[in-house]
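# Structure assessment
Next come the chains, spelled out residue by residue.
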Amino acid sequence: MADRVTVIGWDGSPLTAAAVSALSAATLVAGAAHHLALPEVPGDAERIRLGSVGLAARRIAGHRGTAVVLADGDPGFFGVVRTLHAPEYGLEVEVVPAVSSVAAAFARAGMPWDDAQIVVAHARTLRRAVNVCRAHGKVAVLTSPGAGPAELALLLDGVHRTFVICEELGTEREQVTVLTSDKAADHVWSDPNVVIVIGGAGGGGTPPGNGAGGWAMGRDLGYPPPVRGWALAPEEYGNGDGDGDGDGPGGSPGDAPELRAAQLARLGPRYGDLVWDIGCGSGALAVEAARFGAAVIAVDADPAACGRTEAAARRFGVQLQTVQGHAPHVLERLPEPDVVRIGGGGVAVVTACAERRPDRIVTHATTRDEAEAVGAALAAGGYTVECALLQSVELDTADWAERDRCVVFLLSGRAAPRQPDRAL
């Protein structure tokens, strides 16, 4: 096998002395066409045009001599090092890094990036990458052919963002373009490129009055600071009448914190997911799902409910999209959800959601007849149905007398597990 494998990053600048030394001793060099054309590549070395890194790793493992792999940017950052370091190849890897394309892109934009999310977009991950752009104010997207700036813009339909598109960084053809997301689909972009997606609260980088920035990579720096706890009382979202039962302005018994906690537990919103909250009401569940890092579309027929939800999102420093309209008809034009919470609409809305095949559907009913009808609709849609009768009683701790009581049926539908190649 190869007695040494050196992975060299290249960012368009002259190679370092360590990189030149490794190349001069190489008997095998793997890389893209522009890497293999570098003058430092020995003329008598075996050359491998790098397509599949796995196939190249097998060739390198069987090579007797000294191998070098050339890659753009920092090869340890979403790069070839992860594959080459896999135990099945048995390779000893040494890395000579360069500036990553993400670092170079933010440098060109003159922006800090310790608070940015970083995602890779290709055919299988494009939808989830777009969801991250929906949910966060600063995202760097490492694109690929067929999953580039135009595709990002088209899937962000209805969400305004600013794109900083950095094409062919480190080359003579390098170009940096700033435009709004609705204009990106009108252009043809050169590969490779990195797209910085900016927008919404926290998208500018440093919060006011805090020039020192944050302390953890990838954490949004927007205000207000994170609030401790989940399933908060409705009044924390600027709704309710303070008694906790959800029957204040914009609320309903379905907004009770205990029910919301159980719904969130069954939904399990995750980073990269898209959550539909249908009948968002106070906005409490939509905001809490967004606090988990998921993208959220909150739907309600009442414009005031959409306004309350947007205000709650601003209050908690999260990003979401509201859509005013009547379900199920308004759902037809929405992007595919991963999980759905239905706050109202009955069997018709449940059936429409099941046809879109999200992983989870969660709703509630106030009577057994209603619960049975909803459960039957979920089962007819191919979902495994669970139902629990939830009762919560709030006590006045001054005299331990009952203050409020909430009794609802919690229904959840779980789709059959997706095949691995459809997981993203």
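Summarised in this report is the structure supplied together with it. Computed from a predicted structure; not experimentally measured.

Let's shift gears to the pattern of salt bridges. Here the structure, examined in full by the defined rule, presents 16 salt bridges. Note that arginine 270 and aspartate 273 form a salt bridge whose closest N and O atoms lie 3.6 Å from each other. On the accessibility criterion, aspartate 273 (2% relative accessible area) is buried. Where aspartate 396 meets arginine 403, a salt bridge forms, and the shortest distance between an N and an O atom there is 3.7 Å. We classify arginine 403 as partly exposed; its relative accessible area is 40%. When salt bridges that share partners are traced, they join Arg127, Arg128, Arg270, Asp273 and Asp338 into one network.

On to the packing of helix 9 (residues 257-267) against helix 10 (residues 284-291). Contact geometry of helix 9 with helix 10 gives a least axis separation of 11 Å together with a crossing angle of 45°. Classified by the angle their axes make, helix 9 and helix 10 are oblique. Judged by the sense of rotation from one axis to the other, the crossing of helix 9 with helix 10 is right-handed. When helix 9 is examined against helix 10, the residues Arg260, Gln263, Leu264 and Leu267 are found in contact with a partner set consisting of Ala284, Leu285, Glu288 and Ala289. Residues that form the contact of helix 9 with helix 10 fall into these classes: five nonpolar, one polar and two charged.

Core analysis: the largest hydrophobic core is formed by 28 residues, its most contacted members being Tyr237, Val275, Val287, Val296 and Leu320. Secondary structure elements with two or more residues in this core: helix 9, helix 10, strand 12 (295-300), helix 11 (303-316) and strand 17 (401-414). With six residues, helix 10 is the single largest residue contributor to this core. Leaving out residues up to four positions away in the same chain, valine 296 has contacts with Leu274, Val275, Ala286, Ala289, Ala290, Leu320 and Gln321.

Our next topic: helix 9. Listed as buried for helix 9 are Pro257, Leu259, Arg260, Ala262, Gln263, Leu264 and Leu267. Looking at the buried positions of helix 9, the neighbouring elements they touch are helix 10, strand 14 (339-342), strand 15 (360-365), strand 16 (384-396) and strand 17. Glycine 268 sits one or two residues past helix 9 and shows a positive phi near 60°.

The next thing to look at is the sheet that holds strand 9 (residues 175-180). As a general point, the strands of a sheet are linked pairwise by backbone hydrogen bonds and lie either parallel or antiparallel. Strand order in this open sheet of five strands is 6-7-10-8-9, and the pairing throughout is mixed. Since the sheet does not close on itself, it has two edges, and those belong to strand 6 (117-120) and strand 9, each with one partner. For this sheet, the mean angle separating the axes of adjacent strands, direction not counted, is 20°. Summarising the sheet, strand 7 (residues 138-142) and strand 10 (residues 193-198) pair through five bridges and their orientation is antiparallel. Residue leucine 142 lies in a different strand from strand 10, and its bridge partner there is valine 194.

Where helix 10 meets helix 11, the axes come as close as 9 Å, and the angle between the chain directions of the two elements is 35°. Seen along the crossing, helix 10 lies across helix 11 with a hand that is right-handed. Facing helix 10, whose interface residues are Ala286, Val287 and Arg291, helix 11 presents Thr309, Ala312, Ala313 and Phe316. Residue classes in the contact of helix 10 with helix 11 are distributed as five nonpolar, one polar and one charged.

Criteria and thresholds
Residues numbered from 1 in each chain as written. Predicted model: local features only at pLDDT ≥ 70, side-chain atom pairs only at ≥ 80, totals over all residues. Heavy atoms only, no water. Salt bridge = Lys/Arg side-chain N within 4 Å of Asp/Glu carboxyl O. Buried < 20%, exposed > 50% of the residue type's maximum accessible area, 1.4 Å probe, protein only. Axes fitted to C-alpha atoms, helices over the stretch in contact; angles between N-to-C directions. Helix = DSSP H or I, 4+ residues; strand = E, 2+ residues; numbered from the N terminus. Parallel < 35°, antiparallel > 145°, perpendicular 65-115°, else oblique. Left-handed = near helix turned anticlockwise from the far one by under 90°. Contact = heavy atoms within 4.5 Å. Nonpolar A, V, L, I, M, F, W, Y, C, P; charged D, E, K, R; others polar. Core = buried A, V, L, I, M, F, W, Y, C linked by side-chain atoms within 4.5 Å. Pairing = 2+ DSSP bridges.

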